[in-house]
Amino acid sequence: GGIITQTPKFLIGQEGQKLTLKCQQNFNHDTMYWYRQDSGKGLRLIYYSITENDLQKGDLSEGYDASREKKSSFSLTVTSAQKNEMAVFLCASSIRGSAETLYFGSGTRLTVL
Amino acid sequence: GDSVTQTEGLVTLTEGLPVMLNCTYQTIYSNPFLFWYVQHLNESPRLLLKSFTDNKRTEHQGFHATLHKSSSSFHLQKSSAQLSDSALYYCALRGSALGRLHFGAGTQLIVIP
């Protein structure tokens, strides 16, 4: 089996700060995703990458940048943290294909003071 | 575009009673793929079951769901709720083979003794 590692687990930032979240997977999966999880709003897709060197915007990409440095890693940057923002960011990966399962990391919990 | 609707934000049940969590979807594609993910407290979402065959019952870990294309539904059911079923349940849709996954807002299931 494989694992998805997200760092850091907890991230505290200041308003206006640029913050980077990292994700590594050893499944050798092609596709990686970043989701934001807010209570009552489900999992909203921020960015995804179908293969290495690919980058696709999701529904919530404004205010974020992403980078697929290599097949195993996918980073997300909050370009300017919003005051009082609190959310969990989940990274996931999957084999490319129609019925593939998403495997999720344990998440990064962001708090902006 | 593709979308998923989970009508109940919160379902509270007494242990032993049947579970039914609603999921309906919209897509222009004729062969969608439907998924249920479950997220227990302080854990990551994980796949519970999936289906892409019309009118075929899919079962896993005591839960079952049947994709009904005629009504665009994929409701999650279990005959008898257990305390350990308390979790957040997400219905998800992939409309086309290489399309992205769309999650519903989630249903929080709480099972009480």
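Everything here concerns the structure above.
Residues numbered from 1 in each chain as written. Chains lettered and ligands numbered in written order. Predicted model: local features only at pLDDT ≥ 70, side-chain atom pairs only at ≥ 80, totals over all residues. Heavy atoms only, no water.

What follows concerns the pairing of strand 7 (residues 64-70) of chain A. Residue and element names in this part refer to chain A. Summarising the sheet, strand 7 and strand 8 (residues 73-78) pair through five bridges and their orientation is antiparallel. Considered in strand 8, the bridge of Ser 67 is made with Ser 75. Between strand 7 and the antiparallel strand that follows it, strand 8, lie two residues. (Pairing = 2+ DSSP bridges. Helix = DSSP H or I, 4+ residues; strand = E, 2+ residues; numbered from the N terminus.)

Glancing now at the packing of aromatic side chains. Enumeration over the complete set of coordinates arrives at 13 aromatic pairs over all chains. Ring centres of Tyr64(A) and Phe89(A) lie 5.9 Å apart, and the angle between their planes is 65 degrees; this geometry places the pair in the edge-to-face category. One end of the pair, Tyr64(A), is in strand 7; the other, Phe89(A), is in strand 9 (residues 86-94), and 25 residues separate them in sequence. The exposure classification of Tyr64(A) matches that of Phe89(A), with both residues buried. When the ring of Phe104(A) is compared with that of Tyr37(B), the centres are 6.0 Å apart and the planes differ by 85 degrees; the resulting orientation is edge-to-face. Within this pair, whereas Phe104(A) is found in strand 10 (residues 103-104), its partner Tyr37(B) is found in strand 5 (residues 33-39), the two belonging to separate chains. Its relative accessible area of 10% is what places Phe104(A) among the buried residues. Chaining the aromatic ring pairs together yields one cluster made of Tyr33(A), Tyr35(A), Tyr48(A), Phe104(A), Phe35(B), Tyr37(B), Tyr90(B) and Phe103(B). (Phe/Tyr/Trp six-rings, centres within 6.5 Å; stacked < 30°, edge-to-face > 60°. Buried < 20%, exposed > 50% of the residue type's maximum accessible area, 1.4 Å probe, protein only.)

On to the environment of Cys91(B). Residues and elements named next belong to chain B. Considering the arrangement of structural elements, one finds Cys 91 in strand 10 (residues 87-94). Cys 91 sits in the buried class, given a relative accessible area of 0%. Filtering out sequence-adjacent residues up to four positions away, Cys 91 remains in contact with Val 4, Gln 6, Cys 23, Leu 34, Phe 35, Trp 36, Phe 74, His 102, Phe 103 and Gly 104. (Contact = heavy atoms within 4.5 Å.)

Turning our eyes to something else, we now look at the interface of chain B and chain A. The interface is formed by 19 residues belonging to chain B together with 22 residues belonging to chain A. Between the two partners, chain B and chain A, sit one salt bridge. Note that Asp59(A) is salt-bridged to Arg100(B), the shortest N-O span being 2.9 Å. Our enumeration of links across chain B and chain A arrives at six residue pairs in polar contact (both at pLDDT 80 or more). Counting only elements with at least two residues in the side of chain B that touches chain A, the list comes to strand 5, strand 6 (46-51), strand 10 and strand 11 (101-103) of chain B. Considering every element that reaches the side of chain B that touches chain A, the biggest residue donor is strand 5 of chain B, with four residues. (Salt bridge = Lys/Arg side-chain N within 4 Å of Asp/Glu carboxyl O. Polar contact = N/O pair within 3.5 Å; in protein donor to acceptor, adjacent residues only side chain to side chain.)

Purely spatial values, then, with no claim about function.
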